[in-house]
Amino acid sequence: MFRYLKFTLACAIIAAIWLGALPWLADRPAMRSHIDSMQQQGIDPSAMYYTEVYER
């Protein structure tokens with residue numbers, strides 16, 4: 001019984017991060033300007049691989 005509770009709690013935490021924290025972070029001004037500049041260049045930021053990310 002306890003392992004089902006732990007599984008449910010883990011799923012709830014992942015859902016909270018995915019549905020709450022990540023959209024909130026994407027709306028922050030620095031992140032929003034980066035996403036907008038990439039979209040203006042025709043780059044889909046959600047389709048980038050870690051090898052394609054450049055360092056500043």
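Residues numbered from 1 in each chain as written. Predicted model: local features only at pLDDT ≥ 70, side-chain atom pairs only at ≥ 80, totals over all residues. Heavy atoms only, no water.

Visitor: For this particular structure, what's the right way to read the overall build of the protein?
Guide: For the protein, the helix and strand inventory stands at two helices and zero strands. By residue count, 4% of the 56 residues in the protein fall in the buried class. For the protein, the accessible surface area stands at approximately 5400 Å², while carbon and sulfur atoms represent 67% of it. (Helix = DSSP H or I, 4+ residues; strand = E, 2+ residues; numbered from the N terminus. Buried < 20%, exposed > 50% of the residue type's maximum accessible area, 1.4 Å probe, protein only. Areas by Shrake-Rupley, 256 points an atom, 1.4 Å probe, with all protein chains shown as cover.)

Visitor: What is the right way to look at the pattern of salt bridges in this model?
Guide: Once their charged atoms are close, side chains differing in charge can pair, the charge on each being opposite to the other. This structure, assessed with the given rule, holds two salt bridges. Arg 32 is paired through a salt bridge with Asp 27; the nearest N and O atoms lie 3.6 Å apart. Among the charged side chains, a salt-bridge network with shared partners connects Asp 27, Arg 32 and Asp 36. (Salt bridge = Lys/Arg side-chain N within 4 Å of Asp/Glu carboxyl O.)

Visitor: Would you explain the packing of aromatic side chains in this entry?
Guide: The way to describe two aromatic rings as a pair is by their centre distance and the angle between their planes. Applying the stated rule across the entire model yields zero aromatic pairs. Sitting above the plane of the Tyr 4 ring, Arg 3 keeps its charged end 5.6 Å from the centroid. (Phe/Tyr/Trp six-rings, centres within 6.5 Å; stacked < 30°, edge-to-face > 60°. Lys NZ or Arg CZ within 6 Å of the ring centre and 35° of its normal.)

Visitor: Looking at this structure, how should I read a nonpolar patch on the surface?
Guide: A surface patch of nonpolar side chains, about 890 Å² in accessible area, is lined by Leu 9, Ile 13, Ile 17, Trp 18, Leu 19, Leu 22, Trp 24 and Leu 25. With respect to the helices, strands and loops of the structure, Leu 19 is situated in helix 1 (residues 2-26). (Patch = residues over 30% accessible without salt bridge, like charges linked within 9 Å, V, L, I, M, F, W, Y side chains within 5 Å.)

Visitor: Is there a simple way to think about helix 1 in this case?
Guide: Quick reminder: α-helices carry 3.6 residues per turn. Residues three or four places apart thus point the same way. Between its terminal C-alpha atoms helix 1 stretches 35 Å, which fits the 36 Å expected from 25 residues at 1.5 Å a residue. Along helix 1, the sharpest kink reaches roughly 30 degrees, centred on Ile 17. (Expected span 1.5 Å × (residues − 1). Bend = angle between axes of the 7 residues up to and from the residue.)

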